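Descriptive structure summary
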Amino acid sequence: MPALDRDTPAIAYLGQYDGIADHAALVSGTLPDAGTASSGVAAAGIDVAVPEAAASSLGIAVGDRLTVNPSGGQPVVVRVVGVFRAIDPGGDYWARDLLTGAGDVPGFPQPGTTVYVPTHAFGPLVAAPGALDAAAVPVQRIDLRFHPSFAGVTAADLPVLGDRVSELSQAVTRGLGNIADSVSASSDLGDIVARASANLVVTRSTVVVVALLLLVVALVALAQTALLLTGSRTTQQRLFRARGGSTRQLLGMAVIEGLILAAVTVALSPVLAGTVYAVVAARPGMVAAGMPQGAVVPASAWLAATVVAVAFVVVPAAPVLRADPEADRSSRGRPGGLVRLGIDLAVVVLAAVAFVRLLSYRSPVDPQAAFAIDPVLVAAPALVLVAGALVATHLLPLVARPIDASASRSRRAVLPLATWEVARRTRRASAAVLLLTLALGASSFGATFLATWRQAQVDQVALALGAPVVVSADATHAAAQRAALAGGAVGGPNPIIRRSGLLAPAGADLSGGDSSSVASVSVLGLPEDALPLIRRGRLGTEGGNEVAAGLASTRSVPVQGIDLGMSARGLAATARVGDPADPVPGATARLYAVLEDETGLVSTLDLGSAGVDGRAVDLRAVLPGSTTMSGSRMVGLQVDVFASDPNSFRPGSRPPVDVLMGDVAALTGTGDAADLTARPLDLAPANGWTASSNVAFGSQPTSGDPPAGAQVRLTVALPDDLASEPASYVLVGWPNVAGIPAVMTTSLVERLDLSSGTPLSLVIAGSRVPVALAGSTPLVPGAVSDGLRRGTDAGATGSDDDPGGSVVVVDQAALSRALVQAGRHGDEVDEWWIDVPEGTGEAYAAGHPSPSGRQPTLSAEGLARQLQSGPLRIPAQTALLLLVGASAMLAAIGFAVHTTVTVRARRLEFAQLRAIGLTRRALTGVVAAEALVVGLLGVVFGIGLGVVLSLMTGPVVAVSPSGAPAVPTVMVVIPWLQVGAIAVGLVTVLAVVVAIVGLAQRSAELSRVIRGAAE
């Protein structure tokens, strides 16, 4: 296209955009009509719509015609039929556009060149579908995007879908055939499927772990209840046999009794299950996760109820079928005890094996079995719980006997009688302690695991973000964005640099093939004010303290600058590059002012171009909108020299060239850019600025006294061939940056075998920054999980074996100056870290969105809530809550049944105690003391086992959403308030049972009980 100035070429591009009517707002005219795409093209030209920014810069309107020269084709005339403004430029639709919807981008790299040559780019010039083909315009690229629907995809389809997505690129290439020079296909679907699959497996694993724990407790509760009921019937059955009753009659009574219980179980259990489901599904989190409401009770629930009902019939009837109950009872002795001891020992060994395997995998998700759950891994917590409970029952006599010995010293009979029963008749007490240990162990484990898992999500997010709120920077409006972000923040927004780069020995030749001493790294530039954020709470112990200590060695340097005033909106100057008597044809210099605001944020302002021919050129640059440079200073000057016209440029050695700048003024005012007033600036401080260059060979630039009419003089030596070696020269108000202290991840230091103080080069987008190792840390807050920062569940800076990744942390101010010194342009800020009052993070993030097309604003509170309440995470939390409630309920009911049945079976014993003078009140005290001892032992064993189980398995079961070990490592959180509430609930049940027993003892007639026992 015709250039706006002779030193900067202008380029444009044509395109056909499906659906542009939904993503562009017409300013004037219309969009091209597809019906006229193939008619009259040669005579009238191609009808196009141009972006508003391009129309303004080019001075064109509807009805104007332009001539463009397509690469590889004939000149084409385009007719402007409409002017549009992109809706949400930089968003998803415009992300594929060459200029991301901006329409007008000065300094755009010239396509097809291996070195940076700035151009002025405009586009897209939008044509109707088919117009380019009709005009025989050669097409350089076709970009297609598909939006599949997954409405019918189920969890079972994920493995097949993942396999097909992995073959997408090859399938597209084969399907298109040889129709283009290159074909590529990409999709995020593979990552999405992998994340969904990992989430699903983690959720299923957690639910299975919970289900197994609850199943163990339920089976033990049912077995104990059945055995207690069966044992209470033994005396009655012997009396019935002694009076002539047959086995058939006893069996009939047992079956009838079991059928009644079975009928109640089958009738009520599924209904109660449906009620519990309805209550759970009505929880806000489950509703948000899309859990179906009012679901029908499945057949599996009826089947489970039927199985339990059959057990209620079989268990009471089984003892009746024994041929000789007395002989069977007398045969129990030492061999049976040894068998039980052997079984218990086998369970303990099996639990140890499962636990060791769980530790070796560090996760209940088997990495070698995608979409599958390893039964041994998920069974490990249940096995450890059972093994611990069995060990507790074997410890019961050892614990009960000292208690009995201590109680025997009491002058009253209540405590000795209660502890004697527990210490001497341990089989009966062991059953209760076993149930309490299992139930309370499972319940306290569930509460602890849930609290630990929730805190793990908070810790992961905090380490990934590094700050309470992270906002992506607006590269073109950084100052205005910073002012807007200050509202509601604690302190000022902290500018952060986040880039990718290479780390290599100082002076290393990166073009060689040896990569053993070169590493790809993530670079994080932190300002001093951001360091307290990464030292807060656990972040300090997870690397924040080490980073702060290493960066503390960064020396503060004085910066000389020229104050621009409070209302400056731009800069104006006159520039002259080169000697009119010895011009350099085809060479152009582009000048940038280096600015520093009142907070130390460094940026550059593009002033414009000048040919290297000694002619005076007026330069003028105005900040977009009504943005002002309030409190800013001019602290440097950048000069890029390149071959703008390679055909005219002639390589060869030349004498040094002077870059002169004068008439420098700050532009002030409130009107349009053309109406601003120039306020002259005194550039005397610039005479003390430091000159440097990125040119590898040749003499360095110098700063000298400017001639009359100029305020700044920079003398540079041009390289022999600017076409292949564009040169960048800078004049800055600080000393040359050298050896910036850097803190690196431990794995990176070990891999490159670095030592403290080693001189290194950090290469960022081709610019070398000198750094020196000042410290190391395994993790760097704010640079751990890229996936979490993107709002996804997977993807980390490092791997499972190296979660810290390869990260280099340096001081943000020092890095900004070094990048400017290396010739980088723009605002040296990629994101903002903001501290906000606790509880306001989500509201702040909602009120301060990131620029369109950038990573959305992230708050630690909001992201942690998302991780805790996602559709695939709510079920696991609900299952844990059910485990806590159901286990506590089974413990209470089982203990109540045990106490009631035990008291009933010992009626004769209690009657005899009353006959020898023990009062009803004392007898109630015996029952209460005995229940208290058993209950306390169960509570101590159960809660202790639950805590130990949590400490052992919690850190490996509470994995990240992807199934990998969480980063940072999980710290077990014991919710003592909830655990204490469970114990208090059990004591309350104990008090109620004792009260009922006391009332029963008061109403029992002593003579009738003794006569009944004698009979």
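Calculation notes
- Residues numbered from 1 in each chain as written.
- Predicted model: local features only at pLDDT ≥ 70, side-chain atom pairs only at ≥ 80, totals over all residues.
- Heavy atoms only, no water.
- Helix = DSSP H or I, 4+ residues; strand = E, 2+ residues; numbered from the N terminus.
- Buried < 20%, exposed > 50% of the residue type's maximum accessible area, 1.4 Å probe, protein only.
- Areas by Shrake-Rupley, 256 points an atom, 1.4 Å probe, with all protein chains shown as cover.
- Contact = heavy atoms within 4.5 Å.
- Axes fitted to C-alpha atoms, helices over the stretch in contact; angles between N-to-C directions.
- Parallel < 35°, antiparallel > 145°, perpendicular 65-115°, else oblique.
- Left-handed = near helix turned anticlockwise from the far one by under 90°.
- Nonpolar A, V, L, I, M, F, W, Y, C, P; charged D, E, K, R; others polar.
- Core = buried A, V, L, I, M, F, W, Y, C linked by side-chain atoms within 4.5 Å.
- 1 Å grid on protein atoms, 1.4 Å probe; cavity = no way out; pocket = protein on both sides within 12 Å on 5 of 7 lines; lining within 4 Å.
- Points joined across faces, edges and corners; volume = space filled by probe spheres on them.
- Expected span 1.5 Å × (residues − 1).
- Bend = angle between axes of the 7 residues up to and from the residue.
- pLDDT = per-residue confidence, 0-100.
- Pairing = 2+ DSSP bridges.
- Polar contact = N/O pair within 3.5 Å; in protein donor to acceptor, adjacent residues only side chain to side chain.
- Salt bridge = Lys/Arg side-chain N within 4 Å of Asp/Glu carboxyl O.
- Phe/Tyr/Trp six-rings, centres within 6.5 Å; stacked < 30°, edge-to-face > 60°.
- Lys NZ or Arg CZ within 6 Å of the ring centre and 35° of its normal.

This brings us to the overall build of the protein chain. Assigned secondary structure in the protein chain consists of 27 helices and 28 strands. Relative to its full complement of 1015 residues, the protein chain shows a buried share of 45%. Accessible area of the protein chain: about 47700 Å², with a carbon and sulfur share of 60%.

Okay, the side chain of Ser-767 next. Checked against the element boundaries, Ser-767 lands in strand β25 (residues 767–777). Note on Ser-767: relative accessible area 8%, which makes it buried. Apart from the residues lying within four places of it in its own chain, the contact partners of Ser-767 are Leu-762, Leu-819, Ala-822 and Arg-824.

Another aspect to go through is the packing of helix α7 (residues 247–281) against helix α9 (residues 299–317). Direction vectors running N to C along α7 and α9 enclose 160°, while the axes themselves pass 8 Å from each other. Classified by the angle their axes make, α7 and α9 are roughly antiparallel. In the packing of α7 onto α9, the handedness of the crossing is right-handed. Here α7 contributes Leu-251, Ala-254, Val-255, Gly-258, Leu-259, Leu-261, Ala-262, Thr-265, Val-266, Ser-269 and Pro-270 to the contact with α9, which in turn contributes Ala-301, Trp-302, Ala-305, Thr-306, Val-308, Ala-309, Phe-312, Val-313, Pro-316 and Ala-317. Residue composition of the contact of α7 with α9, grouped by class: 17 nonpolar, four polar and no charged.

Buried together is how nonpolar side chains tend to be arranged in soluble globular proteins. Counting 55 residues, the largest nonpolar core has Leu-213, Leu-385, Val-422, Leu-438, Phe-895, Val-934 and Leu-937 as its most contacted members. Breaking this core down by element, the ones donating at least two residues are α6 (189–242), α11 (334–361), α12 (375–407), α13 (414–424), α14 (426–465), α23 (874–905), α25 (920–957) and α26 (976–1003). What Leu-385 contacts, discounting residues up to four positions off in sequence, is Leu-213, Leu-438, Gly-441, Ala-442, Leu-945 and Leu-949. Counting 47 residues, the second largest nonpolar core, distinct from the first, contains Leu-591, Val-659, Ala-727 and Leu-731.

Let us look at unusual backbone geometry. Cis geometry is adopted by the peptide bond preceding Pro-124, which originates at Gly-123 and carries an omega value of 5°. Turning to its location among the elements, Pro-124 is positioned in strand β7 (residues 118–127). The phi dihedral of Ala-136 is positive, around 60°, even though this residue is not glycine. Even without glycine at this site, Ala-765 takes up a positive phi of about 50°. In this fold, Ala-765 is placed in the loop between β24 (759–764) and β25.

Next up on the list: empty space enclosed by the protein. One pass over the structure, following the stated rule, counts three cavities of 30 Å³ or more. Surrounding the largest cavity, 16 residues form its lining, His-898, Thr-902, Arg-906, Glu-930 and Ala-931 being those nearest its centre. Among the elements of the structure, α13, α14, α23 and α25 are those that each provide at least two residues to the lining of the largest cavity. Of all the elements, α23 adds the most residues to the lining of the largest cavity, at five residues.

This part takes up α7. Over its 35 residues, α7 runs 49 Å from end to end, which matches the ideal 51 Å to within 8%, given 1.5 Å per residue. Most pronounced at Leu-268, the bend in α7 amounts to some 30°, and the proline Pro-270 follows within four residues. Three or more residues of α7 are buried, namely Leu-250, Ala-254, Gly-258, Ala-262, Thr-265, Pro-270, Val-280 and Ala-281.

When the pLDDT values of the protein chain are averaged, the result is 81; 88% of them are 70 or greater. Every residue in residues 327–334 is under pLDDT 50, and counting partners more than four places away or in other chains gives three contacts. In this model residues 794–799 is a low-confidence stretch, pLDDT under 50, and it forms 23 contacts with partners more than four residues away in sequence or in other chains.

Along the chain, the position of Ala-351 falls in helix α11. Along the primary structure Ala-351 and Val-376 are separated by 25 residues, whereas in three dimensions their C-alpha atoms are 9.7 Å apart. Beyond its immediate stretch of four places on either side in the chain, Ala-351 contacts Leu-383, Val-384 and Ala-387.

What follows concerns α12. The terminal C-alpha atoms of α12 lie 47 Å apart, and with 33 residues this matches the ideal 48 Å at 1.5 Å per residue to within 8%. Largest kink in α12: about 40°, centred on Leu-395, with the proline Pro-397 one to four residues after it.

Pairing of strand β9 (residues 494–505) with strand β27 (residues 831–834) involves three bridges; the strand directions are antiparallel. Residue pairing across strands places Asn-494 opposite Trp-833, the latter belonging to β27. Sheet topology places β9 next to strand β10 (residues 519–526); seven bridges connect them, and they run antiparallel. Paired with Leu-503 across the strands is Ala-519, a residue of β10. Relative to β24, β9 is paired through four bridges, and the arrangement is antiparallel. Pairing of Ala-504 across the sheet is with Ser-761, part of β24.

Let's shift gears to the environment of Asp-47. In this fold, Asp-47 is placed in strand β3 (residues 46–51). Spatially, the C-alpha atom of Asp-47 lies 6.0 Å from that of Val-81, the residues being 34 residues apart in sequence. Polar side-chain contacts of Asp-47 include one of 2.8 Å to the side chain of Arg-79.

Tallied over the full model, the rule gives 16 salt bridges. Of the charged contacts, one joins Glu-52 and Arg-85 as a salt bridge, the two residues approaching to 2.8 Å between their closest N and O atoms. One end of the pair, Glu-52, is in helix α2 (residues 52–58); the other, Arg-85, is in strand β5 (residues 76–86), with 33 residues separating them in the sequence. A relative accessible area of 44% places Arg-85 in the partly exposed class.

Let us now look at the packing of aromatic side chains. Under the criterion given, the structure shown has four aromatic pairs. Between Tyr-17 and Trp-94 the ring centres are 5.9 Å apart and the planes differ by 35°, which places this aromatic pair in the tilted class. Of the two residues, Tyr-17 is situated in the loop between β1 (10–15) and β2 (24–29) and Trp-94 in the loop between β5 and β6 (104–109); the sequence distance between them amounts to 77 residues. Among the residues examined, Trp-94 registers a relative accessible area of 1% and is labelled buried. The interplanar angle of 85° and the centroid separation of 5.3 Å between the aromatic rings of Tyr-93 and Trp-94 together place this pair among those described as edge-to-face. For Tyr-93, a relative accessible area of 15% translates into the label buried. Every member of this aromatic cluster is reached through a ring pair, and the members are Tyr-17, Phe-84, Tyr-93 and Trp-94. Above the face of the Trp-734 ring, Arg-817 is positioned so that its terminal group lies 6.0 Å from the ring centre.

To continue, consider the side chain of Ser-859. Counting through the fold element by element, Ser-859 comes out in strand β28 (residues 858–859). On the basis of relative accessible area, Ser-859 is assigned to the buried category, the value being 5%. Sequence-distant contacts of Ser-859, that is, excluding residues within four places in its chain, are made with Leu-465, Pro-468, Val-469, Gly-841, Glu-842 and Ala-845.

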